[in-house]
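Okay, here's what each chain looks like letter by letter:
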Amino acid sequence: MPWVLACTPFTIISYFLMWYLPPFVSGRVAWYLTFHCLFQALTTLFQVPYSALTMFLSTDQKDRDSATAYRMTMEVLGTLIGASLQGQIVASAHVSPHCTVNPSAKVYMIAAGVIAGVYLLGIVVLFLGVKERDDPYALNSDRAIPFCKGLALTMKHGPYVKLTASFLLISTAVQLEQGNFVLFCTHAAGLRNHFQYLVVTILVSAVVSVPFWQKFLQRFGKKCAACGISWMIPFAVMLVTIPNLILAYFVAFVSGLSIAASLLLPWSMLPDVVDNFRLQNPHGKGHETIFYSSYVFFTKMSAGIGLGISAAGLEFTGYKPGICRQSDDVILTLKLLIGAVPAILILLGLFILLFYPITEESRKETKLALEELR
């Protein structure tokens, strides 16, 4: 909790300055790069202890799965609220149909201030509503695992390696889909006036489907629920080949379902990996944060890989920001970034997940063994 509280004011300031238009021109790239990197670093500083708190809410697997489902529902809902608030506030700066008009910077600062206020409210709720507890699994005589030793142990832990490799590929595919969807709708599908509503459709679909996936994985198992991530593939390919408004909304809805599954499942499966590790290493403590920090690192890496692939592909084919009509090569690249590339990455990720060894039966055995150990 001290880390969460300490990084909050700096996170808010860096977010606000990320949307501030400095009076100088020559150093703007350095300005935005600095504060964007600072914001990403500070959100990581918050995300690691915040996500690791899941392990200290309860020792019961069902309780943790339920808490994870609630957390992911609220995160997607928060994304929806944030996108809606910021989108509506800055919409007045984009009323002109000409894409070369420079929008007013003041509305972006107002929007950043509103979002910063919402962030602060969330931190207050977390601080007042969640009480940090000591490791409920460890004996009083147990010592914390040194970070380097713990990191080496986690990187050798088979279930964790397979889970991380699988969802690194899947998360990269989702990042490509999310990051290029607006550009695809604008330049390749001729849906420039609908992309905001399509994004909202994705987010609403993701919010309402998280409880569905939670029930699904409780009934059929987590590995079975992972198949839902692949639902977006055929519809995305259809949208690429047959750009159509109705199909675009349907693709947005199905993509929301798949994105919800890709967000919920890894965070729901990670506590099972931690329990499995605990059973094999019963006299150490503090490893939960190592698992969660490593996984946060890999999620950040997937975002970086997705941005890198997109930026490199578009730069290579001659994408030019601000113009209304892009070249045929750029349009083809956007189609590949929306359809073929995410499909390949998702299928590879699901293939690796087939070898993930923790099943529903082994989870029950681990639960009983940990209860006996405690």
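About the criteria used
Residues numbered from 1 in each chain as written. Predicted model: local features only at pLDDT ≥ 70, side-chain atom pairs only at ≥ 80, totals over all residues. Heavy atoms only, no water. Helix = DSSP H or I, 4+ residues; strand = E, 2+ residues; numbered from the N terminus. Rg over C-alpha atoms; globule rule 2.2 N^0.38 Å. Buried < 20%, exposed > 50% of the residue type's maximum accessible area, 1.4 Å probe, protein only. Contact = heavy atoms within 4.5 Å. Areas by Shrake-Rupley, 256 points an atom, 1.4 Å probe, with all protein chains shown as cover. Lys, Arg positive; Asp, Glu negative; His and termini not counted. Charge placed at Lys NZ, Arg CZ, Asp CG, Glu CD. Axes fitted to C-alpha atoms, helices over the stretch in contact; angles between N-to-C directions. Parallel < 35°, antiparallel > 145°, perpendicular 65-115°, else oblique. Left-handed = near helix turned anticlockwise from the far one by under 90°. Core = buried A, V, L, I, M, F, W, Y, C linked by side-chain atoms within 4.5 Å. Patch = residues over 30% accessible without salt bridge, like charges linked within 9 Å, V, L, I, M, F, W, Y side chains within 5 Å. Salt bridge = Lys/Arg side-chain N within 4 Å of Asp/Glu carboxyl O. Phe/Tyr/Trp six-rings, centres within 6.5 Å; stacked < 30°, edge-to-face > 60°. Lys NZ or Arg CZ within 6 Å of the ring centre and 35° of its normal. Nonpolar A, V, L, I, M, F, W, Y, C, P; charged D, E, K, R; others polar. Polar contact = N/O pair within 3.5 Å; in protein donor to acceptor, adjacent residues only side chain to side chain.

Asks: Just checking my understanding: could you explain the overall build of the protein for this structure?
Replies: Of regular secondary structure, the protein possesses 14 helices and two strands. For 374 residues, the compact-globule estimate of 2.2 N^0.38 gives 21 Å, and the C-alpha radius of gyration of the protein, at 22 Å, lies within 12% of that figure. When each of the 374 residues of the protein is scored for burial, the buried share is 44%. Pairs at least 24 apart in sequence give 79% of the contacts found in the protein among residues at least 6 apart. As displayed, the protein has an accessible area near 18800 Å², and 70% of this comes from carbon and sulfur atoms. Across the protein, the 26 positively charged side chains and the 20 negatively charged ones have centroids separated by 5 Å.

Asks: I keep staring at the packing of helix 6 (residues 158–188) against helix 11 (residues 287–316) and nothing clicks. Help me out?
Replies: A pair of packed helices is characterised by two quantities: the angle between their axes and the separation of those axes. Between helix 6 and helix 11, the least distance of the axes is 8 Å, while the angle of their chain directions is 40°. The orientation of helix 6 relative to helix 11 falls into the category oblique. In this structure, helix 6 meets helix 11 at a crossing whose hand is right-handed. Residue-level contacts link Tyr160, Thr164, Phe167, Leu168, Ser171, Thr172, Gln175, Leu176, Asn180 and Leu183 of helix 6 to Phe291, Ser294, Tyr295, Phe298, Met301, Ser302, Ala303, Ile305, Gly306, Ile309, Ser310 and Leu314 of helix 11.

Asks: Can you help me understand the nonpolar core in this one?
Replies: It is characteristic of soluble globular proteins that their nonpolar side chains tend to be buried jointly. Leu163, Phe167, Phe184 and Leu265 are the most contacted members of the largest nonpolar core, which has 70 residues in total. At 15 residues, the largest contribution of residues to this core is made by helix 10 (residues 245–280). With near-sequence residues (within four places) excluded, Phe167 lies in contact with Ile229, Ser262, Leu265, Pro266, Met269, Tyr295 and Leu353. Counting eight residues, the second largest nonpolar core, distinct from the first, contains Met1, Val4, Phe46 and Ile123.

Asks: Would you mind going over a nonpolar patch on the surface with me for this structure?
Replies: Residues Leu5, Leu120, Val124, Phe127 and Leu128 make up a contiguous nonpolar surface patch of about 440 Å² in total accessible area. Per-element tally for the nonpolar patch: the top contributor is helix 4 (residues 105–129), with four residues. By the element assignment, Val124 lies in helix 4.

Asks: Even after reading the chapter, I still don't get the pattern of salt bridges, so can you show me in this structure?
Replies: Pairs may arise between side chains of opposite charge once their charged atoms sit close together. Going through the model one piece at a time under the given rule, you end up with nine salt bridges. For Asp275, the salt bridge is made with Arg64, and the minimal N-O distance between the two is 2.4 Å. Of the two residues, Asp275 sits in helix 10 while Arg64 sits in helix 3 (residues 61–90), which places them 211 residues apart along the sequence. Each member of the pair, Asp275 as well as Arg64, is classed as buried. Bridged by salt links that share partners, the residues Asp65, Lys222, Asp272, Glu360 and Arg363 form one connected network.

Asks: Help me out: how do you make sense of the packing of aromatic side chains in this one?
Replies: We describe a pair of aromatic rings using the distance from one ring centre to the other and the angle between the two ring planes. Inspection of the entire model under this criterion finds 20 aromatic pairs. Here the aromatic rings of Tyr160 and Phe291 are separated by 4.9 Å at their centres, their planes lie at 85°, and the arrangement is edge-to-face. Of this pair, Tyr160 sits in helix 6 while Phe291 sits in helix 11; the two residues are 131 residues apart in sequence, bridging distant segments of the chain. The class of Tyr160 is buried, set by a relative accessible area of 0%. For the ring pair Trp213 and Phe216, a centre distance of 5.5 Å and an interplane angle of 75° mean the geometry is edge-to-face. In this pair, Trp213 and Phe216 both sit in helix 7 (residues 195–220), three residues apart, roughly one turn of the helix. Ring-pair connections join several aromatic residues into one group, and the members of that group are Phe212, Trp213, Phe216, Phe220 and Trp231. Above the ring of Trp267, the side-chain terminus of Arg71 is found at 5.0 Å from the ring centroid. We note Lys131 situated over the ring of Phe127; from NZ or CZ to the ring centre the distance is 6.0 Å.

Asks: Would you take a moment to explain the packing of helix 5 (residues 147–155) against helix 11 for this structure?
Replies: Two elements in contact, helix 5 and helix 11, have axes separated by 10 Å at closest approach and are oriented at 65°. For the element pair helix 5 / helix 11, the angle class is roughly perpendicular. By crossing handedness, the relation of helix 5 to helix 11 is classed as right-handed. Contacts between helix 5 and helix 11 involve Phe147, Gly150, Leu151, Thr154 and Met155 from the first element and Ile290, Phe291, Ser294 and Phe298 from the second. Here the residues of the contact of helix 5 with helix 11 are counted per class, giving six nonpolar, three polar and no charged.

Asks: Whenever I open this one, the environment of Ser14 confuses me. Can you help?
Replies: Along the chain, Ser14 turns up in helix 1 (residues 2–18). Since its relative accessible area comes to 1%, Ser14 is described here as buried. Taking C-alpha positions, Ser14 is 9.8 Å from Ala116, a pair spaced 102 residues apart along the chain. Setting aside residues up to four positions removed in sequence, Ser14 forms contacts with Phe35, Leu38, Phe39 and Leu42. Of note is the side chain of Ser14, whose polar atom sits 2.9 Å from the backbone oxygen of Thr11.

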